[in-house]
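# Residue-level structure breakdown
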2 protein chains.
Amino acid sequence: MITPWEYRYALRTQRMSSSIIREILKFAQDPEIISFAGGLPAPDVFPVEQVNEACNRVLSDFGPQALQYSTTEGFVPLREMLVSMTDRGGMGVNLDNIIITTGSQQALDLLGKIFINPGDRILVESPTYLGALQAWNAYGAEYIPVPLDEQGMVPDALEEALRKGPKFIYVLPNFQNPTGVTLSLERRKILVELADKYGIPIVEDDPYSKLRYEGEDIPPIVLLDSQYRNDDKHIFNGNVIYLNTFSKILAPGLRLAWVVAPADVLKKLVQAKQGADLHTSTFNQMIACEVFKDGFLDRHIEVIRDVYGNRRNIMLEALKDNFPTGIEWTKPKGGMFLWITLPENMNATDLLFKAIDEKVAFVPGEHFHPLGGGKNTMRMNFSNATPEKIKEGIARLAKVVRREMAA
Amino acid sequence: MITPWEYRYALRTQRMSSSIIREILKFAQDPEIISFAGGLPAPDVFPVEQVNEACNRVLSDFGPQALQYSTTEGFVPLREMLVSMTDRGGMGVNLDNIIITTGSQQALDLLGKIFINPGDRILVESPTYLGALQAWNAYGAEYIPVPLDEQGMVPDALEEALRKGPKFIYVLPNFQNPTGVTLSLERRKILVELADKYGIPIVEDDPYSKLRYEGEDIPPIVLLDSQYRNDDKHIFNGNVIYLNTFSKILAPGLRLAWVVAPADVLKKLVQAKQGADLHTSTFNQMIACEVFKDGFLDRHIEVIRDVYGNRRNIMLEALKDNFPTGIEWTKPKGGMFLWITLPENMNATDLLFKAIDEKVAFVPGEHFHPLGGGKNTMRMNFSNATPEKIKEGIARLAKVVRREMAA
């Protein structure tokens, strides 16, 4: 029997897609499984003590304020901190350009809410972040995928895609989820110019930029766009909306992120967020502000870089030592993920079920491709498991892969 | 010049409406203004010390878990606590029926996301909660308003509205925001029967039920629906989705609420929430769980009832002592609001500007009417201001009202 609610849901045009990652993470609950499937930071680097001290100070000094409703834009001292973190190179960013969101996932949802009509097409990297597809599928988005190589989106393919008139471009420039690929400086400049030429704006999603383990920082697209415009009015009003998060540099369990956007877009985001959750937890915003004062952020990022950089090295080494020829993988200079490409005829989803029998898990890469494809690819997280588990997990996985290739 | 972002926003079919309450609250920042405009709990009753103790315990015992990503449904021990709080009268509620949301505002947004197509009509009380209208306007909802009297929605008007085929019914049965009116037991039973007769499901939004200052609790609609079905399969699968929140019984700054829904609806809510913010803050969920164990909730609600009940009495008395004849107001048995009706020819928005000159604020009632009307009505919050401020604020307001009536 169909209930009245089911009937009503069936009438709804835009459907939600269930996440395969979610289903897979259920397996990963088994403590014997070594999981490279999640996108989890290492819990051992969370600054638990600093958060606890911050809680005590916030509650003893500003208890009632911390537990009360607050404004939709976010806690002003936190936004002021983000203005000074963001306003590199005189982009003219000020308080009117910053909103705190309940994680970057909410920023993606709000962008969908204010920009996407059913049938609108979004230009995305292929593969791209699954959470963005999930957020925008709910608004009836369609996608124009642009293939990646080791330098990021391929310019010819990008220009061809721009000619199809996407609503906006979605790009993760640094150590992209899922591939770990970084968009080179040259290609960032090409992206800025092409976006301007075709009049298509850019959403830059940048959760991993601080997690660099080798090489030099590359300027964010938002800054390059500002320089390209050579705009000395000191008003932030370019072609780019910039997303970043506290999930990777502090703790995801607090659900804190921020958006930098032109003031007119920010007003729309504020209206959308009001209807979505009124505001982000006052208490958590005050905790982040308290933890990060006095330069703690820089010291803490060094710790994260050491731990994650080491885990990346161990995974790369283990892959080299254990995996047969004919399999390739990316060598990310930062972030939390690398990307494995199996021989054309192999299927990563089939492989996953066999891997789970051997107590190791990953995410099949096809789910990151908005229009399908990539059946022989897989995403591997290297930030969450300990070095010993990484070595053991890669050894288990190599056994499954070798068996499969021999079959 | 129109920016690429503005142009794209202009193309979007569903627009966000700006909140007049939000604009008014900006005035209320002036410390000299006595504001009855907000919907704020009294900060002096927040259990700051208990929250601080809970933070310390959660972080020292489960620090890394509290700061990590967690499941979309919510923290299991908190959901288990809510199962036992909710499953009165053997409704058969279990874990599969409960999701934690980032405030009830998010629950409203998620309901919009899974049920509302542009042009769908929602049956609402008139006046109704502004936040629901804001959430659903973004999905292109339209409204069928049903007028209220002192017993809640008028049955004849309700049946007439049901014949128009709304997607669902939205009702705040206890001490409704904005009027303070409570739906009587008899009318709740009629609502359950009519909803069943016309096959239209019900969203019951119940943030204030624990804030009762006189009289006896009335069973929630969700329970009456379950009894009406006389369903002894012990499966929660009726006609009602039930919303409640920690904002009024603990603290709104933590952004914690919950939804009780049939399992098939809950699955859709989980998918929608995944795309909206992944999950609600792990830390905050663990804090709530820790604060409320060992029966603290019941003791704390007694404190809130004393403080708010007293403030309600003081406001009612001050209105009686100061306001001229020809003006009427509701006498709510709980909650945070009462509703004033001015003479037909008076305009509450005009009055507000004059009131602000006298350093007192409220919300004009017309904004709570989805199709307009109610220009001579106003919403008054009695939970936030201290007794002294309530007396002084009502005296100031009475002066403005008298002057206006004499003009």
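About the thresholds
Positions within a chain are numbered from 1, following the residues in the order the chain's sequence is written. As they are written, the chains are lettered A onward and the ligands numbered 1 onward, keeping that order. Thresholds applied to this predicted model are a pLDDT of at least 70 for local features of residues and 80 or more for the giving and counting of side-chain atom pairs; totals over whole chains, interfaces and linings are not thresholded and use all residues. Each helix corresponds to a stretch of at least 4 residues labelled H or I by DSSP, and each strand to a stretch of at least 2 residues labelled E; elements are numbered beginning at the N terminus. Only C-alpha atoms enter the radius of gyration; for comparison, a globular chain is expected to reach 2.2 Å times N to the power 0.38, where N is the number of residues. Exposure classification rests on a simple neighbour count of other C-beta atoms within 10 Å of a residue's own: a residue reaching 20 or more is buried, one at 12 or fewer is exposed, and one in between is partly exposed. C-beta atoms are placed from the backbone. Note on contacts: residues are paired as contacts if their backbone-placed C-beta atoms lie within 7 Å. Here the arc refers to the directions that run from the helix axis out to each C-beta atom. The pairing criterion for strands is at least two bridges between them, as found by DSSP. Lines are fitted to the C-alpha atoms to define the axes, a helix being fitted only along its stretch in contact, and any angle between axes, read from their N-to-C directions, falls within 0 to 180 degrees. Classification used: nonpolar for Ala, Val, Leu, Ile, Met, Phe, Trp, Tyr, Cys and Pro, charged for Asp, Glu, Lys and Arg, polar for all others including Gly. Working definition: roughly parallel below 35 degrees, roughly antiparallel above 145 degrees, roughly perpendicular at 65 to 115 degrees, and oblique for all remaining angles. Helix crossings get a hand from a simple test, with the near helix turned counterclockwise from the far one by less than a right angle marking a left-handed crossing and a clockwise turn marking a right-handed one.

## Concerning the overall build of chain A
Along chain A, the regular secondary structure elements total 14 helices and 14 strands. A compact globule built from 407 residues would reach a C-alpha radius of gyration of about 22 Å, and chain A, at 22 Å, matches this within 12%. For chain A, the spread of C-alpha atoms along the three principal axes comes to 60 × 60 × 50 Å. With 407 residues in all, chain A has 56% of them scored as buried. Restricting the contact set of chain A to residue pairs at least 6 apart, pairs at least 24 apart contribute 76%.

## Observations concerning helix H4 (residues 76-86) of chain B
All names here are of chain B. Those residues of H4 lying buried are Leu78, Arg79, Leu82 and Thr86. The arc that holds every buried residue of H4, seen down its axis, measures 95°, which confines them to one face. Against strand S2 (98-101), strand S9 (257-260) and helix H11 (282-292) lie the buried residues of H4.

## Notes on the environment of Arg396 of chain B
Take Arg396 of chain B: it is sitting in helix H14 (residues 387-406). Contacts of Arg396 of chain B, omitting those with residues within four sequence positions, involve Ile34, Glu358, Lys359 and Val360 of chain B.

## Considering the sheet that holds strand S7 (residues 202-205) of chain B
Residue and element names in this part refer to chain B. Strands sit in the order S2-S9-S8-S7-S6-S3-S4-S5 across an open sheet of 8 strands; the sheet is mixed. The open sheet terminates on both sides in strands that have one partner only, identified here as S2 and strand S5 (152-153). Across 6 bridges, strand S3 (residues 121-126) lies against strand S4 (residues 142-149) in parallel orientation. The partner of Ser126 across the bridge, within S4, is Pro147. Seen against the sheet, helix H7 (residues 155-162) touches S3, S4 and S5 and runs at an angle of roughly 165° to S4.

## Quick word on the interface of chain A and chain B
Where the parts come together, the accessible area they lose is often given as the size of the interface. Counting from both sides, the interface comprises 70 residues of chain A and, opposite them, 69 residues of chain B. Elements with a minimum of two residues in the side of chain A that touches chain B: helix H1 (4-11), helix H3 (48-67), helix H5 (103-115), helix H6 (130-137), helix H10 (263-277) and helix H11 (282-292) of chain A. The element that contributes the greatest number of residues to the side of chain A that touches chain B is H3 of chain A, accounting for 10 residues. Its residues assigned to classes, the side of chain A that touches chain B shows 32 nonpolar, 26 polar and 12 charged.

## Quick word on the packing of H7 of chain B against helix H8 (residues 185-198) of chain B
All names here are of chain B. The interhelical angle for the contact between H7 and H8, taken along N-to-C directions, is 15°, at an axis separation of 11 Å. Between H7 and H8, the angle falls in the class roughly parallel. Crossing hand, H7 versus H8: right-handed. Packed against H7, whose contacting residues are Pro155, Leu158, Glu159 and Leu162, the element H8 presents Arg187, Ile190, Leu191, Leu194 and Tyr198 at the interface. Within the contact of H7 with H8, the residues separate by chemical class into 7 nonpolar, no polar and 2 charged.

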